[in-house]
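The residues making up each chain are set out below.
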Amino acid sequence: MATSTVKKIEFLWEGKDAQGQKIKGRMEGQNADLIKAQLRRKGITPLKVRKHSAALFASTSGKIKSGDIAIFARQLATMMGAGVPLVQAFDIIGQGHENKHMRELLLSVKADIESGTNLGQSLAKYPDHFDDLFCNLVVAGEQSGTLDRLLDKIATYKEKTEAIKAKIKKAMMYPAAVIVVAFIVTSILLIFVVPQFESLFASVGGDLPTFTKMVVNISEVMQDYWYIIFAVIIGGVFVFANLKKKSKKFADMLDRLSLKLPIVGEILHKAATARFARTLSTMSAAGVPLVEAMESVAKASGNVVFFNAIMQMKDEASSGQRLQTSMQRCGLFPNMVVQMVAIGEESGSLDDMLAKVADFFEEEVDNAVDGLTSLLEPLIMAFLGVVIGGLVIAMYLPIFKMGEAFT
């Protein structure tokens, strides 16, 4: 006779025991009602029963931002440094968080810790939010009894990487936003304003200037096919974003192409170098062996070219090759970085040397982004002036000609 297995779900529960004391725990069952029944049989009065699963947060990765994790890391490091017990720290941070999904995540981790699971294992259940580097350093801190110090290093690392991301996003978003606004304004002028001038010109008669004819023709196309043009643009953006997210080949191609772009490519190269140095410095300072650290470093680099190079360096390091030699061979890192790593390896202060490299390149990224923004501002103003001003001139050229005819 075949037996059917019913999938059990893990629940977190809170209740009161026979003495009226509040207690909590976790239990597997088919539904919340059965969990409550089991608790009553044990002499526990159930107060709250809710589902608990790491998969619950797999679909909320877009609702919890990396910035939230960085802030959490700093808050936890501060509380642990002040001597606040781990469970109480999670309760304070979780209850006070404005983001509902982040609050649920932290309270879920807290419940894990209360049930006897260590912090590293609890965080590892949520890989969308806590990466290998975060979890590995927490585990190392728990094992060595220096969790507060390593949490401070994690917080510093997260803050530095988030600062670089914000700078690069600012540099990319500013021109993109201006181009979108320019396109919308131009479309409004072509669809609604130019036809008014066109009817005026038709009533007066006469031959229009070539530039004005061109603008009128573009306006007619926009009036007839604006919905198709907008649909193609929106569809193109959607397809691009979808391909980037789901196609590894397409994403890898973009990564390689981005490093070759003028000005922007140099900024991205420096940012990846800074992330490499900052991540490896943090893990090296925590006592994580080089070969084990390299995979986390590769994932944190943020670019497939650097990822492949770092994984190759990991393989060479596992066969006894020096890091300096591997970095020199891959050809991605400036000579200054290679020499600093060589000094760090010789003196046994690799983490300090890499931290200095990270500081230097993070400042370089800041300066480069500020320079790019300063360069783009006048260029964008000139672009808007040419586009909008060109449309205005095209519409007023016939009026000027009519004025000359009457004088």
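Residues numbered from 1 in each chain as written. Predicted model: local features only at pLDDT ≥ 70, side-chain atom pairs only at ≥ 80, totals over all residues. Heavy atoms only, no water.

(A) Layout of a nonpolar patch on the surface. Taken together, the side chains of Val180, Phe183, Ile184, Ile188, Phe192, Val193, Ile233 and Val237 make up a nonpolar region of the molecular surface, amounting to roughly 680 Å² of accessible area. Put simply, the parts of the chain that give the nonpolar patch at least two residues each are α7 (147-204) and α8 (210-246). At six residues, the largest contribution of residues to the nonpolar patch is made by α7. Mapped onto the elements, Ile233 comes out in helix α8. Judged by its relative accessible area of 39%, Ile233 is partly exposed. (Patch = residues over 30% accessible without salt bridge, like charges linked within 9 Å, V, L, I, M, F, W, Y side chains within 5 Å. Areas by Shrake-Rupley, 256 points an atom, 1.4 Å probe, with all protein chains shown as cover. Salt bridge = Lys/Arg side-chain N within 4 Å of Asp/Glu carboxyl O. Helix = DSSP H or I, 4+ residues; strand = E, 2+ residues; numbered from the N terminus. Buried < 20%, exposed > 50% of the residue type's maximum accessible area, 1.4 Å probe, protein only.)

(B) Structural view of the layout of surface pockets. In this model, the largest pocket occupies a volume close to 2000 Å³. Along its surface, the largest pocket is lined by 49 residues, and Lys165, Lys244, Asp255, Gly302 and Asn303 are the ones closest to its centre. Elements with a minimum of two residues in the lining of the largest pocket: α2 (66-81), α6 (132-144), α7, α8, α9 (248-260), α10 (264-285), α11 (290-300) and α12 (304-318). Per-element accounting of the lining of the largest pocket gives the leading share, nine residues, to α7. Counted by class, the lining of the largest pocket contains 24 nonpolar, 10 polar and 15 charged residues. If you add up the space inside the second largest pocket, you get close to 260 Å³. Listed by contribution, the elements that provide at least two residues to the lining of the second largest pocket are β1 (9-16), β2 (22-29), β3 (45-51), α3 (86-95) and α4 (100-114). Per-element accounting of the lining of the second largest pocket gives the leading share, four residues, to α4. Grouping the constituent residues of the lining of the second largest pocket by class yields four nonpolar, three polar and seven charged. (1 Å grid on protein atoms, 1.4 Å probe; cavity = no way out; pocket = protein on both sides within 12 Å on 5 of 7 lines; lining within 4 Å. Points joined across faces, edges and corners; volume = space filled by probe spheres on them. Nonpolar A, V, L, I, M, F, W, Y, C, P; charged D, E, K, R; others polar.)

(C) Representation of the nonpolar core within the structure. Counting 77 residues, the largest nonpolar core has Leu76 and Leu119 as the members making the most contacts within it. The element contributing the most residues to this core is helix α15 (residues 350-406), with 11 residues. Ignoring sequence-local partners within four residues, the contact set of Leu76 consists of Leu86, Ala89, Phe90, Ile93, Leu119 and Leu151. Counting residues in hydrophobic clusters, the runner-up holds 12 residues, among them Leu189, Leu190, Phe201 and Ala394. (Core = buried A, V, L, I, M, F, W, Y, C linked by side-chain atoms within 4.5 Å. Contact = heavy atoms within 4.5 Å.)

The values reported here are purely geometric and, on their own, carry no functional implication.
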